[in-house]
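# Coordinates in review
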Amino acid sequence: ILNVEQSPQSLHVQEGDSTNFTCSFPSSNFYALHWYRWETAKSPEALFVMTLNGDEKKKGRISATLNTKEGYSYLYIKGSQPEDSATYLCAFGYNQGGKLIFGQGTELSVKP
Amino acid sequence: DTAVSQTPKYLVTQMGNDKSIKCEQNLGHDTMYWYKQDSKKFLKIMFSYNNKELIINETVPNRFSPKSPDKAHLNLHINSLELGDSAVYFCASSYPRLERGGQETQYFGPGTRLLVL
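Residues numbered from 1 in each chain as written. Chains lettered and ligands numbered in written order. Predicted model: local features only at pLDDT ≥ 70, side-chain atom pairs only at ≥ 80, totals over all residues. Heavy atoms only, no water.

Our next topic: the sheet that holds strand β1 (residues 4–7) of chain B. Residues and elements named next belong to chain B. Strand order in the open sheet formed by 4 strands is β1-β3-β8-β7, with antiparallel pairing between adjacent strands. Lying at the two open borders of the sheet, with one neighbouring strand each, are β1 and β7 (64–70). Pairs of neighbouring strands in the sheet enclose a mean axial angle of 20°, with direction left out of account. (Pairing = 2+ DSSP bridges. Helix = DSSP H or I, 4+ residues; strand = E, 2+ residues; numbered from the N terminus. Axes fitted to C-alpha atoms, helices over the stretch in contact; angles between N-to-C directions.)

Next up on the list: the sheet that holds strand β3 (residues 19–24) of chain A. Residue and element names in this part refer to chain A. An order of β1-β3-β8-β7-β6 is seen for the 5 strands of this open sheet, with the pairing classed as antiparallel. The two strands at the open ends of the sheet, each matched to only one other strand, are β1 (5–7) and β6 (56–59). Mean inter-strand twist for the sheet, computed between neighbouring axes without regard to direction, equals 15°. The pairing of β3 with strand β8 (residues 72–77) spans 6 bridges and is classified as antiparallel. Looking at β8, one finds that Asn 20 is bridged to Tyr 76.

A few words now on the state of the cysteines. Residues and elements named next belong to chain A. Inspection of every chain in the model, using the stated rule, returns 2 disulfides over all chains. With a sulfur-sulfur separation of 1.9 Å, Cys 23 is cross-linked through a disulfide to Cys 90. On the sign convention where negative is left-handed, the bridge of Cys 23 and Cys 90, at about 75° about the S-S bond, is right-handed. Of this pair, Cys 23 sits in strand β3 while Cys 90 sits in strand β9 (residues 86–93), placing them 67 residues apart in sequence. (Disulfide = S-S within 2.5 Å.)

Before going further, it helps to examine the pattern of salt bridges. Scanning all chains against the criterion turns up 8 salt bridges over all chains. Look at the salt bridges and you will find they share partners, linking Arg 37, Glu 39 and Lys 42 of chain A into a network. (Salt bridge = Lys/Arg side-chain N within 4 Å of Asp/Glu carboxyl O.)

Residues and elements named next belong to chain B. Across all of its chains, the model carries 1 cavity of 30 Å³ or more by this definition. Taken as a whole, the largest cavity encloses approximately 30 Å³ of empty space. Around the largest cavity sit Asp 30, Met 32, Tyr 49, Asn 50, Asn 51, Lys 52, Ser 68, Asp 70, Lys 71, His 73 and Leu 74, which together line it. Counting only elements with at least two residues in the lining of the largest cavity, the list comes to β5 (43–50), β7 and β8 (73–78). When the residues that make up the lining of the largest cavity are grouped by side-chain class, the tally is 3 nonpolar, 4 polar and 4 charged. (1 Å grid on protein atoms, 1.4 Å probe; cavity = no way out; pocket = protein on both sides within 12 Å on 5 of 7 lines; lining within 4 Å. Points joined across faces, edges and corners; volume = space filled by probe spheres on them. Nonpolar A, V, L, I, M, F, W, Y, C, P; charged D, E, K, R; others polar.)

The omega angle of the peptide bond from Ser 7 of chain A to Pro 8 of chain A is -5°, so this bond is cis rather than trans. With respect to the helices, strands and loops of the structure, Pro 8 of chain A is situated in the loop between β1 and β2 (10–14). For the bond running from Thr 7 of chain B to Pro 8 of chain B, omega is -5°, close enough to zero to count as cis. Note on placement: Pro 8 of chain B falls in the loop between β1 and β2 (10–13). A positive phi angle is found at Asn 29 of chain A, which is not glycine, with a value near 55°. A positive phi angle, near 70°, is found at Lys 52 of chain B, a position not held by glycine. If you trace the backbone, Lys 52 of chain B turns up in the loop between β5 and β6 (53–57).

Our focus in this paragraph is the environment of Pro 44 of chain A. As for its placement among the helices and strands, Pro 44 of chain A is situated in the loop between β4 (32–38) and β5 (45–50). Sequence-wise, Pro 44 of chain A and Leu 89 of chain A are 45 residues apart; in three dimensions their C-alpha atoms are separated by 8.3 Å. Setting aside residues up to four positions removed in sequence, Pro 44 of chain A forms contacts with Tyr 36, Arg 37 and Trp 38 of chain A together with Leu 43, Phe 90 and Phe 108 of chain B. (Contact = heavy atoms within 4.5 Å.)

That's the geometry; what it means functionally is another story.
Okay, here's the thing in structure tokens:
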């Protein structure tokens, strides 16, 4: 059974704090690792897709790294803002059909 | 301007009824998906179609039948609804690039909240 685990499940930080979350996934049959941002009552929105070991992606204050050999990815948010409050999902892609296995997400709450 | 749209947004119905959820994308994507958000909030793949052809069919009761009249639409029909079918159903689409193992970004619709009474 393929399992994608995210930690922590939830995180409460103050505005201005930097934070990071972890996504663990199987290290075999790897095609891609996706990160999505999901705000309440909206649809998941893509942040990054990474395919190569050692990939690093950045979008504004958010960045992600990928280690396919050990099966983990980190998402970093620098200087968290209240508008960063959302659930951050990672998804493991392991076949050509685009099939993704999602983690449960890390729920981030940023207090002003 | 909506990229992936679903109708209806909310659906409340009685056990035993048959209902359909529609999904349309205007992104020109070849592949469309249906996901179910389970009680633990995991998004789980149900089906995927590529150019109207079924390519992913997870272990889903055969009361659920996807239909793709063209590559811009993927509808989900559910027969004999049960209480356990209550969930949020998300449609998504992507344009797989086979040289990258088909792992392109998936664009999600707003979800359909189904409640079976």
